[in-house]
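Take a look at the letters that make up each chain.
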Amino acid sequence: MKRRSFVKSTIIGGAAATVLPALSNAKSMDNKTAETEFYELRVYNLKDEAQQKLVEDYLKNAAIPALNRLGVKHVGVFTEMKPAGQTKIFTLTAYNSLDHFSKIADNIGNDAEFKAKGAAYLNAPATQPAYERIESSLLKAFTHFPTLTPPEKKPRIFELRQYQSASEAAGKKKIEMFNDKGEIDIFKRLGFNPVFWGETIIGPQRPNLTYMVTFTDLADKDSHWKDFGGDTQWHEISAVPDYADALLVNKITSTILVPTAYSQI
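Not measured: the values here are computed from a predicted model.

What follows deals with the overall build of the protein chain. The number of helices and strands found in the protein chain is 12 helices and eight strands. Relative to its 265 residues, the protein chain shows a buried fraction of 48%. For the protein chain, the accessible surface area stands at approximately 12700 Å², while carbon and sulfur atoms represent 51% of it.

What follows is the structure, given as structure tokens:
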């Protein structure tokens, strides 16, 4: 394998890179897509603290600075608040468009500083890998929340939530609730400080949508969700038979995350 191809795959993810030409063609036919961001959500599965340090050093010193030089404004890096064993590392990278995503895939391997500072990670031997596996998803921002909104820089926790649906039609209907029926506005009004909403267009557990909200602490999280459950507007929306959760969502996952000191989100 050529070195440039290897470096490219370490940043973007093989499955996403394979379908970029088709997605770029779709973009040219959809003006709304040009107005919305795309996100790569990564999960690094790690064996021990040595792997965690190697990945974090790479992200902090090599990957994030290189991505910033190529026009990425926000790269979030998070660890689990209550991991079961060695924490996973979650990264969220915001791209202006699919063209932006593609250009970074093509050009980051030419960045000498990136290759030098990321060498220990990029060239980790098979006998001492930098990580066990990477899970990667490409998401398209919702039209009603088209750009990532980083919260105020202060101590806080993040909740990453994913809603899985039994069918693609059900998944689209749930997205409709957020975009067209006011569900996102409820989150804003109640002070959830949403960071992003995205439809997973490439990745595991599809169809699903994923979003991130923020809180001061766990007590604040519980208080906000209690307010949401009792909100009059939410009850009006969810009372519509076509929007019943039992029809649209068959699994919800929630992960509580803590940002690293160098996270840009």
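As a further point, take the pairing of strand β2 (residues 75-80). Counting buried residues in β2 gives six out of six residues, a clear majority hidden from the surface. Here β2 shows no split at all, with Val 75, Val 77 and Thr 79 on one side and Gly 76, Phe 78 and Glu 80 on the other all buried. For β2 and strand β3 (residues 89-95), the ladder comprises five bridges, and the chain directions are antiparallel. Opposite Gly 76, over in β3, you have Leu 92 as the bridge partner. Here β2 pairs with strand β8 (residues 251-259) via three bridges, running antiparallel. Looking across to β8, one finds that Glu 80 is bridged to Leu 257.

Our next topic: the pairing of strand β6 (residues 196-202). Counted residue by residue, β6 has six buried out of seven residues, so it is predominantly covered. Here strand β4 (residues 133-141) runs beside β6; their pairing, made up of four bridges, is antiparallel. Bridge pairing in β6 links Ala 141 to Gly 198. In this structure, β6 lies alongside strand β7 (residues 208-215), joined through four bridges in antiparallel fashion. If you follow Phe 196 over to β7, its bridge partner there is Met 212. Between β6 and the antiparallel strand that follows it, β7, lie five residues; Gly 203 among them carries a positive phi value of about 145°.

Regarding helix α5 (residues 98-107), the residues found buried are Leu 98, His 100, Phe 101, Ser 102, Ile 104 and Ala 105. A side-chain oxygen of the first residue of α5 lies 3.3 Å from the backbone nitrogen of Asp 99; this N-cap is Ser 97.

The α-helix advances 3.6 residues per turn, and as a result positions three or four apart in sequence lie on the same side. Over its 13 residues, helix α8 (residues 168-180) extends 18 Å from the first C-alpha to the last, a length consistent with the 18 Å expected when each residue adds 1.5 Å. Ala 170, Gly 171, Lys 174, Ile 175, Met 177, Phe 178 and Asn 179 are the residues of α8 that are buried. In this structure, the buried residues of α8 make contact with β5 (157-164), α9 (183-189), β6, β7, α11 (232-238) and α12 (245-248). Two residues or fewer after α8 comes Gly 182, characterised by a positive phi angle close to 100°.

Criteria and thresholds
Residues numbered from 1 in each chain as written. Predicted model: local features only at pLDDT ≥ 70, side-chain atom pairs only at ≥ 80, totals over all residues. Heavy atoms only, no water. Helix = DSSP H or I, 4+ residues; strand = E, 2+ residues; numbered from the N terminus. Buried < 20%, exposed > 50% of the residue type's maximum accessible area, 1.4 Å probe, protein only. Areas by Shrake-Rupley, 256 points an atom, 1.4 Å probe, with all protein chains shown as cover. Pairing = 2+ DSSP bridges. Polar contact = N/O pair within 3.5 Å; in protein donor to acceptor, adjacent residues only side chain to side chain. Expected span 1.5 Å × (residues − 1). Contact = heavy atoms within 4.5 Å.

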